[in-house]
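Reading the structure
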Amino acid sequence: MTRRAKLGVMVPLIFIAILLASSFILPYIYPEYDRETSSYLKDSSGDIIAAPPYTPGEMPPMGSDKMGRNVAVLLIAGAKYTILAAIGIAFMRMVIGFLFGLFYTFLSRRVVKHVKALAEVFQFIPLVIIVYALLFYVDKAFQTNALGSTNYLIIQMLAISIVVVPSLGIYIGEEMKIFMRNEFIEASRTMGGTKKHLITTHLWPQFRRHSVVLFSEQISQTLALLIQLGIIYITLGGLRKINFGIGGTDPEYFTVSNEWAAMISINLTQIFVNPWLVVAPLVFFATLIFLVNTISSNLKVLLLNSGQVKGSGKSEDYEEFVDTPLSSQGSFDFVSFEEKSG
């Protein structure tokens, strides 16, 4: 069982590493991958039989965009931006969530009730709406060139990170409260152990043990959120909008990075005419989320086999925590934790 779980972690990691390496190498071995082409498909007689955008049958495996560029190649080139941004956002979520969890762990019960009440609000409001509200005026500044693409990207990553901090922080904090009920923690307190000692000696090692599982879950949740944001034209690094048509009434979006959510945004108007232009990035997203979820589920198996809480003699609390995944909105069941820690 353990060997199978290890393979379940290593194989998806290898696939992701190959995709990342290909994304970095592609521009060097094929520098013209994103150049617009005006060529047409012709038959043996020289007659034109197709014009861009080409279908997947005309340009395997996923067709082309309206400029004749191979969609699969563009998505591979943009993979590094999507994957590395998701990893960076997940890392920021974990760091800020851990600090919030520590703060929450040592709060009085009276204050905890109010903090929980505020955090529960995030269970009922879709995160995509919150992120959109946070970035609305920032995106306006980007469109008017008042804000650079790099600064916009940093602000986006911070916004996508902080929206889950209340739920994630309480999730971590409640698990810490459960862990703090162990007898050896009480003994440490009786012997004069300070908060700093409890954190560095007990809480941090315990959190570090299953932080990898939470980290992988946050990556998949970030990817899912990026899809939703792409549908409303909020993408990493921003999109440039140019208006065409009579009076400039038809907006056209462009991306330089070919980031996957951006590929959804710029082709969204083509979904009923050339659906593969939207389906292709969704397939890449779905495959990556599947690989990350596979890693996460197998990490749980490995942790449950060797991750019993030392000194407590029991692993039920740890197993419940590891087996309780955050939802796609970054929330969890506060009631179950309240019953256990009450």
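In this report, the structure presented in the accompanying data block is examined. All figures in this text were calculated on a predicted structure; none of them were measured in a lab. (Residues numbered from 1 in each chain as written. Predicted model: local features only at pLDDT ≥ 70, side-chain atom pairs only at ≥ 80, totals over all residues. Heavy atoms only, no water.)

Moving on: helix 5 (residues 149-162). Taking 1.5 Å per residue, 14 residues should reach 20 Å; helix 5 reaches 20 Å between its end C-alpha atoms and fits that length. Within helix 5, the full set of buried residues consists of Y152, Q156, M157, A159, I160 and S161. Among the structural elements, helix 2 (71-105), helix 4 (127-143), helix 6 (165-179) and helix 8 (195-231) are those in contact with the buried residues of helix 5. (Helix = DSSP H or I, 4+ residues; strand = E, 2+ residues; numbered from the N terminus. Expected span 1.5 Å × (residues − 1). Buried < 20%, exposed > 50% of the residue type's maximum accessible area, 1.4 Å probe, protein only. Contact = heavy atoms within 4.5 Å.)

All told, the structure shown has 3 salt bridges when counted by the stated rule. The salt bridge partner of E174 is K116, with a shortest N-O separation of 3.0 Å. On the criterion of sequence distance, the pair formed by E174 in helix 6 and K116 in helix 3 (residues 109-120) is long-range, its members being 58 residues apart. (Salt bridge = Lys/Arg side-chain N within 4 Å of Asp/Glu carboxyl O.)

In contact at an axis separation of 10 Å, helix 4 and helix 5 are set at 175 degrees when each is read in the N-to-C sense. Taken together, helix 4 and helix 5 sit at an angle that is classed as roughly antiparallel. Mapping the contact onto sequence places V131, L134, L135, V138, D139 and F142 in helix 4 and S149, Y152, I155, Q156, A159 and I160 in helix 5. Across the contact of helix 4 with helix 5, the residue classes break down as 9 nonpolar, 2 polar and 1 charged. (Axes fitted to C-alpha atoms, helices over the stretch in contact; angles between N-to-C directions. Parallel < 35°, antiparallel > 145°, perpendicular 65-115°, else oblique. Nonpolar A, V, L, I, M, F, W, Y, C, P; charged D, E, K, R; others polar.)

Excluding glycine, most residues fall at negative phi; most peptide bonds, likewise, are trans. Omega for the peptide link from P60 to P61 comes to 0 degrees, which places this bond in the cis form. Relative to the helices and strands, P61 resides in the loop between strand 2 (48-50) and helix 2. A positive phi is found at N145, a non-glycine position, where the angle reads about 65 degrees. Mapped onto the secondary structure, N145 falls in the loop between helix 4 and helix 5.

Attention shifts here to the nonpolar core. Among the nonpolar cores identified, the biggest contains 66 residues, and L75, I160, L223, W260 and F285 are the most heavily contacted of them. At the level of secondary structure, the elements contributing two or more residues to this core comprise helix 1 (2-29), helix 2, helix 4, helix 5, helix 8, helix 9 (260-266) and helix 10 (276-306). For this core, the element with the highest residue contribution is helix 10, accounting for 14 residues. If sequence neighbours within four positions are ignored, I160 has contacts with I89, R93, V131, L225, L226, L229 and L236. Membership of the second largest hydrophobic core comes to 14 residues, among which are M94, L102, I172 and M176. (Core = buried A, V, L, I, M, F, W, Y, C linked by side-chain atoms within 4.5 Å.)

We now examine a nonpolar patch on the surface. A surface patch of nonpolar side chains, about 760 Å² in accessible area, is lined by F24, I25, Y28, I29, Y30, L84 and I87. Contributing elements (two or more residues each) for the nonpolar patch: helix 1 and helix 2. For the nonpolar patch, the element with the highest residue contribution is helix 1, accounting for 4 residues. Turning to its location among the elements, L84 is positioned in helix 2. Judged by its relative accessible area of 41%, L84 is partly exposed. (Patch = residues over 30% accessible without salt bridge, like charges linked within 9 Å, V, L, I, M, F, W, Y side chains within 5 Å. Areas by Shrake-Rupley, 256 points an atom, 1.4 Å probe, with all protein chains shown as cover.)

Moving on, we come to the packing of helix 6 against helix 8. Direction vectors running N to C along helix 6 and helix 8 enclose 145 degrees, while the axes themselves pass 11 Å from each other. Two packed elements cross with a definite hand, and for helix 6 against helix 8 that hand is right-handed. Along the contact surface, helix 6 presents L168, Y171, I172, E175, M176 and F179, while helix 8 presents H202, L203, Q206, F207, H210, L214 and Q218. Of the residues belonging to the contact of helix 6 with helix 8, the class tally is 8 nonpolar, 4 polar and 1 charged. (Left-handed = near helix turned anticlockwise from the far one by under 90°.)

Turning our attention to the packing of aromatic side chains. Aromatic rings considered in pairs are described by the distance between their centres and by the relative angle of their planes. With the rule as written, the count across this model stands at 6 aromatic pairs. With a centroid separation of 5.8 Å and an interplanar angle of 65 degrees, the aromatic rings of Y132 and F136 are classed as edge-to-face. Of this pair, Y132 and F136 both sit in helix 4, 4 residues apart, roughly one helical turn. What links up through ring pairs into an aromatic cluster is the set Y132, F136 and Y137. The positively charged end of K80 is found above the aromatic ring belonging to F24, 5.7 Å away from the centroid. (Phe/Tyr/Trp six-rings, centres within 6.5 Å; stacked < 30°, edge-to-face > 60°. Lys NZ or Arg CZ within 6 Å of the ring centre and 35° of its normal.)

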